[in-house]
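# Residue-level structural notes
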Amino acid sequence: MTRGPSDSGPQGAAALRGSMDATTAPHRIPPQMPQYGEANHIFELMQNMLEQLLIHQPKDPIPFMIDHLQRDNDYVPKIVILGPPASGKTTIAMWLAKHLSTNLLSVESLIAKEYSPLAADARMHYQKFKMVPDMLLIRLMQERLKEEDCVRRTLFSYGLSQSTEQSSLCDTVGPCWLSVLCAAACLCPSQPPDSSSPHISSLVTGSLLLISGWILDGIPETREQALTIQTLGISPRHVIVLSAPDTVLIERNLGKRIDPQTGEIYHTTFDWPPESEIQNRLMVPAGIFEGETARKLLEYHRNIVRILPSYPKILKVISADQPCVDVFYQALTYVQTSHRSNAPFTPRVLLCGPVGSGKSLQAALLAQKYGLINVCCGQLLKEAVADKSKYSDLIQPFFEKEIAVPDNIIMKVLKQRLDQQDCVERGWVLHGFPRDLDQAHLMDNLGYKPNRVFFLNVPFDSVIERLSLRRTDPITGERYHLMYKPPPTIEVQARLLQNPKDSEEQIKLKMDLFYRNSAELEQFYGDAITLNGDQDPYTVFEYIESGIINRLPKKVP
C-alpha cells in the first residue's frame, strides 16, 4: 500500500495541510484583474451598494441590489449649496443645475409641487407662519427625491413649438427648470423669460433634456435638519458654503429693487436699469431693511456653525465676495471633482513631453517617493544591449547606424520589463514611449494601459535654454550648465564639450516631431492631464502628485 503524508505522523499531516492551504502560498494576481477593477470602479460600486443595503435594510436584498445596479446613479450629482442671505446661492444653484442637467430643489419649489398632499399642507403652514416645520419639510424632500428623475438618469422631452407661450412653457418644464433654460439662453435667471426670445425658441423646439440627481438650495437650514436627513440616508457628495462679510451682504440686500410690472429684480449698484421709466417705478422688496437683514444673518451664523461638522470631508467654502461668474466656476470645478477613493490603486503613470521637458526628473521623483518602477524606454534598450540579452543582437545594428529601433522590438523589451513582478505589484512610471499614435495602439492592444497620463508642455525657448547650454567635462565626466550650474574655473570652462544632440538644430527637429504627434496622443488618452512644465520642477511634481493621488474628474457631457 502506498503511504500518504498523513501516515508519517504529525509532521506529515502538517506538510499536507501546508500544501493544501492556498492562503499560505505567495499569490501572483494577473495584472488584468486590477486593471478591470479600476476601469469599472468595482470597489466603489460594491461600497455604494453595501451602503445602500445598510441604510435601507430591505427584506430581500437581492432584488434591491439588482434595482440599485440598474439605476446607474452612483455618480449623478448630489449637491448641497448653503450660504447667508444675498450671497447668491440660488443663482449659483441654478447655473449648476443647468450645466449638470440636474434637479434644483428649494423650500419654495418643494412646497409649490402640485398633486401632493404634503406640499399642500406645507403651503398652508407657510402662508400662516412664514415657515415650514422641519419634519414636514424633510418628508416633502424625501418624497421628491424618490421620484424617477432624482433617482436615476431620465430623458425628459420638452419639444415645443416656436409659438409656445411663457405660461405653457412653465407648465411643461416647471418654474425651476424654466429659470435654468433662461440661464442656458444667457439670460439673468432671476428675470422672467420672454417666450418670444430667439434663445428660448431654439432651446424648446424638439429637444431632449437628460435630468438626473439633485441640488438642494439652502437645505438643511439647521443642524437638526442635517442630522435627520443623514439618518434617512440622504447623503450629498458635495457641499458648498458661500461666504462673504456681513457688510457686503447687507449692502447687496439693501440695494435690491423690484419692478412691480415685470417682477424683474435690479440693484442700485450692480444692475441698475438704463431706462428712466423703469427706474421711476422700481420699489424696495418687502422685508428688505437693515434690521431684518441683520437678524437673518445672525440666525444664519448661529445655525451654520452647527451644520458644518455634519459634512467634514465633502465641504468647500467659496468666497461670495467676487464676481458671480468666478464663484460659479469654482463651484463647478469642485462638484466635478471626485473625492479620493479608498479603493486599492496601483499607479501606472505615463509621462509625455518634448525633449527637455523634465520627464526623467519627474519620473525619478515619483519613483523615489512612491516606490514606482522608473521605466525609461531609451535606457531599457541600452541596458538590453549592454547586458547581452536575447534582444541585444536585434537592437545593436540600429544603434550602430544611429537609426530608430522598430516598434515591435521596443515593445518586446518593454513588455519583458513591465511583466516583471515589481512593476505589477508596485506600479510604474513610463517615459520615452509611446511617441506616436501607432505606438500607443500597440501598447494598448497588448494590455499595458496607464491609469494616469501627463503631458508636460514647455515653450521652445525654454527647452533651448535648458538643453543647448549643457556641457560635459571630458576629463572628469562632470556635467555643467552654463546658466544654472556654471563650471568653477575658466580652465574647466575652456575644455567643456557639447553633445551634438544638444545643438539647437537637433532640439528643434525633436520638438517638431513631438508636437506633430502630440495632438493625436492627447486625443487617444482622453483622461490625460496637461501641465505647464515651464516652472520649478518641484511645483510640477506637486501637480503630478495631486493628479495621481486624487481621482480623475468626471467630464460632464
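Refer to the structure printed above.
The following refers to the structure shown. What you see as residue numbers is a count from 1 along each chain, following the sequence as written. Restriction of local features to residues with pLDDT of at least 70 applies here, the model being predicted, together with a cutoff of 80 or more for giving and counting side-chain atom pairs; totals for whole chains, interfaces and linings are based on all residues. For side-chain calculations, the full set of non-hydrogen atoms in the structure is used, while hydrogens and water are omitted.

This part takes up the packing of helix H14 (residues 246-254) against helix H16 (residues 290-307). Think of each axis as a best-fit line through the C-alpha atoms, taken over the contacting stretch in the case of a helix, with angles from 0 to 180 degrees between the N-to-C directions. Strands are runs of DSSP state E lasting at least two residues, helices are runs of H or I lasting at least four, and both sets are numbered from the N terminus onward. Close contact between H14 and H16 brings their axes to 10 Å; oriented N to C, the two are set at 135 degrees. The angle between H14 and H16 falls in the class oblique. Here the hand of the crossing between H14 and H16 comes out right-handed. In this structure, H14 contributes Asp246, Leu249, Ile250, Asn253 and Leu254 to the contact, and H16 contributes Glu290, Thr293, Leu297 and His301. Ten residue types, Ala, Val, Leu, Ile, Met, Phe, Trp, Tyr, Cys and Pro, are classed as nonpolar, four, Asp, Glu, Lys and Arg, as charged, and the remainder, Gly among them, as polar. Its residues placed into classes, the contact of H14 with H16 shows 4 nonpolar, 3 polar and 2 charged. Put simply, angles under 35 degrees are roughly parallel, angles over 145 are roughly antiparallel, angles from 65 to 115 are roughly perpendicular, and the rest are oblique. Handedness of a crossing follows from how the near helix is turned relative to the far one, being left-handed for an anticlockwise turn of less than a right angle and right-handed for a clockwise one. Residues are treated as being in contact if the distance between any of their heavy atoms lies within 4.5 Å.

Moving on to the state of the cysteines. Pairs of cysteine sulfur atoms within 2.5 Å are identified as disulfides in what follows. As enumerated under the stated definition, the model contains 0 disulfides in all. The thiol sulfur of Cys377 is not disulfide-bonded, and the nearest other cysteine sulfur, from Cys376, lies at 7.2 Å. Residue Cys377 is classed as buried on the basis of its relative accessible area, which comes to 4%. For every residue, the accessible area (1.4 Å probe, protein chains only) is compared with the maximum for its type, and the residue is labelled buried under 20%, exposed over 50%, or partly exposed between those bounds.

In this section: the pattern of salt bridges. Whenever a carboxyl oxygen of Asp or Glu lies within 4 Å of a side-chain nitrogen of Lys or Arg, that contact is scored as a salt bridge. All chains considered together, the criterion is met by 13 salt bridges. One salt bridge connects Asp259 with Arg281, and the closest N-O pair in it is separated by 2.8 Å. One end of the pair, Asp259, is in the loop between strand S7 (256-258) and strand S8 (265-267); the other, Arg281, is in helix H15 (residues 276-281), and 22 residues separate them in sequence. Arg281 carries the same exposure label as Asp259, and that label is buried. Across the pair Arg470 and Asp502 runs a salt bridge whose closest N-O atoms are separated by 2.9 Å. Separated by 32 residues along the polypeptide, Arg470 in strand S14 (residues 470-472) and Asp502 in the loop between helix H25 (490-495) and helix H26 (504-524) bring together distant segments of the chain. The class for Arg470 is partly exposed, based on a relative accessible area of 36%.

This part covers the environment of Phe433. Relative to the helices and strands, Phe433 resides in the loop between strand S12 (428-431) and helix H23 (437-445). For the pair formed by Phe433 and Asp407, sequence separation is 26 residues and the distance between their alpha carbons is 9.7 Å. In contact with Phe433, other than residues within four places in its own chain, are Leu350, Cys377, Ile410, Met411, Leu414, Gln439 and Met443.

What follows concerns unusual backbone geometry. Put simply, Ile219 and Pro220 share a cis peptide bond, and its omega is 10 degrees. Tracing the chain through its elements places Pro220 in the loop between strand S5 (214-217) and helix H13 (223-231). The omega angle of the peptide bond from Phe433 to Pro434 is 0 degrees, so this bond is cis rather than trans. When you line up the elements, Pro434 lands in the loop between S12 and H23. Here Ala86, not a glycine, exhibits a phi torsion of approximately 70 degrees, which is positive. With respect to the helices and strands, the residue Ala86 is situated in the loop between strand S1 (78-82) and helix H5 (89-100). A residue is classified by how much of its surface remains accessible, and Ala86, at 18% relative accessible area, is buried. Positive phi outside glycine occurs at Glu402, with the angle close to 55 degrees. Here Glu402 lies in the loop between helix H20 (392-401) and helix H21 (407-418).

Moving on, we get to the pairing of strand S2 (residues 103-106). Of the two faces of S2, the one holding Asn103 and Leu105 and the one holding Leu104 and Ser106 are both buried throughout. Relative to S5, S2 runs parallel, the two being bridged by 4 bridges. Opposite Leu105, over in S5, you have Leu216 as the bridge partner. One bridge is not enough; two strands pair if DSSP finds at least two bridges between them.

How far a helix is expected to stretch is found by multiplying one less than its residue total by 1.5 Å. Relative to the 26 Å expected for 18 residues at 1.5 Å per residue, H16 spans 25 Å between its end C-alpha atoms, a close match to the ideal helical length. Among all positions of H16, only Glu292, Thr293, Leu297, Tyr300, Asn303, Ile304 and Ile307 are buried. Looking straight down H16, one finds its buried side chains confined to an arc of 140 degrees; they lie on one side. Turned more than 90 degrees from where H16 packs its buried face, Glu290, Leu298 and Val305 sit exposed. Each C-beta atom gives one direction from the helix axis, and the arc is the one those directions make.

This next bit is on the packing of H23 against H26. One way to put it is that H23 packs onto H26 with a least axis distance of 9 Å and a crossing angle of 30 degrees. In terms of their interaxial angle, H23 and H26 are classed as roughly parallel. Note on element contacts: H26 touches H23 through Glu520, Leu521 and Phe524, opposite Leu437, Ala440, His441 and Asp444. A breakdown of the residues in the contact of H23 with H26 according to their chemical character gives 4 nonpolar, 1 polar and 2 charged.

Turning next to the sheet that holds S1. A sheet is described by the order of its strands in space; here 5 strands give the open sequence S2-S5-S1-S6-S9, paired in parallel fashion. This sheet does not close on itself; its edge strands, each paired only once, are S2 and strand S9 (315-319). Pairs of neighbouring strands in the sheet enclose a mean axial angle of 20 degrees, with direction left out of account. Sheet topology places strand S6 (residues 238-243) next to S9; 5 bridges connect them, and they run parallel. Across the sheet, residue Ser243 finds its bridge partner in S9, namely Ser319. Contacts between helix H17 (residues 324-335) and the sheet are confined to S1, S6 and S9, with S6 contributing the most and set at about 160 degrees to the helix.

This part takes up a positive patch on the surface. A residue counts toward a patch only above 30% relative accessible area and without a salt bridge, and it is joined to like-charged neighbours within 9 Å or, for Val, Leu, Ile, Met, Phe, Trp and Tyr, to nonpolar neighbours within 5 Å. Each accessible area is a Shrake-Rupley estimate made with a 1.4 Å probe; only the visible protein chains count as cover when residues are assessed. Positive charges come from Lys and Arg alone, negative charges from Asp and Glu alone, with His and the N- and C-terminal ends not counted. Charge positions come from single atoms, namely NZ of Lys, CZ of Arg, CG of Asp or CD of Glu. Among the surface-exposed residues, Lys382, Arg435, Arg479, Lys501 and Lys510 lie close enough to one another that they form a single positively charged patch. Turning to its location among the elements, Lys382 is positioned in helix H19 (residues 377-386).

Take a negative patch on the surface next. A surface patch of negative charge is lined by Asp461, Glu465, Glu504, Glu505 and Asp534. At the level of elements, helix H24 (460-467) and H26 are the ones that each hand at least two residues to the negative patch. For Asp461, the location among the structural elements is in helix H24. Its relative accessible area of 61% is what places Asp461 among the exposed residues.

Moving on to the packing of aromatic side chains. Pairing of aromatic side chains requires ring centres within 6.5 Å, counting the rings of Phe and Tyr and the six-membered ring of Trp. Pairs whose planes differ by under 30 degrees are stacked, by over 60 edge-to-face, and all others tilted. Tallied over the full model, the rule gives 4 aromatic pairs. Plain terms: the ring middles of Phe514 and Tyr515 are 5.0 Å apart, the flat faces sit at 75 degrees to each other, and that makes the pair edge-to-face. Overall, Phe514 belongs to the buried group, its relative accessible area being 11%. Owing to a relative accessible area of 34%, Tyr515 belongs among the partly exposed residues under this scheme. Plain terms: the ring middles of Phe524 and Tyr525 are 4.9 Å apart, the flat faces sit at 85 degrees to each other, and that makes the pair edge-to-face. An aromatic cluster of three or more residues is present, and its members are Trp95, Phe328 and Tyr329. A ring is scored as having a charge over it whenever the NZ atom of a lysine or the CZ atom of an arginine sits within 6 Å of its centre and within 35 degrees of its normal. When the ring centre of Tyr480 is taken as reference, the NZ or CZ atom of Lys485 above it lies at 5.7 Å.

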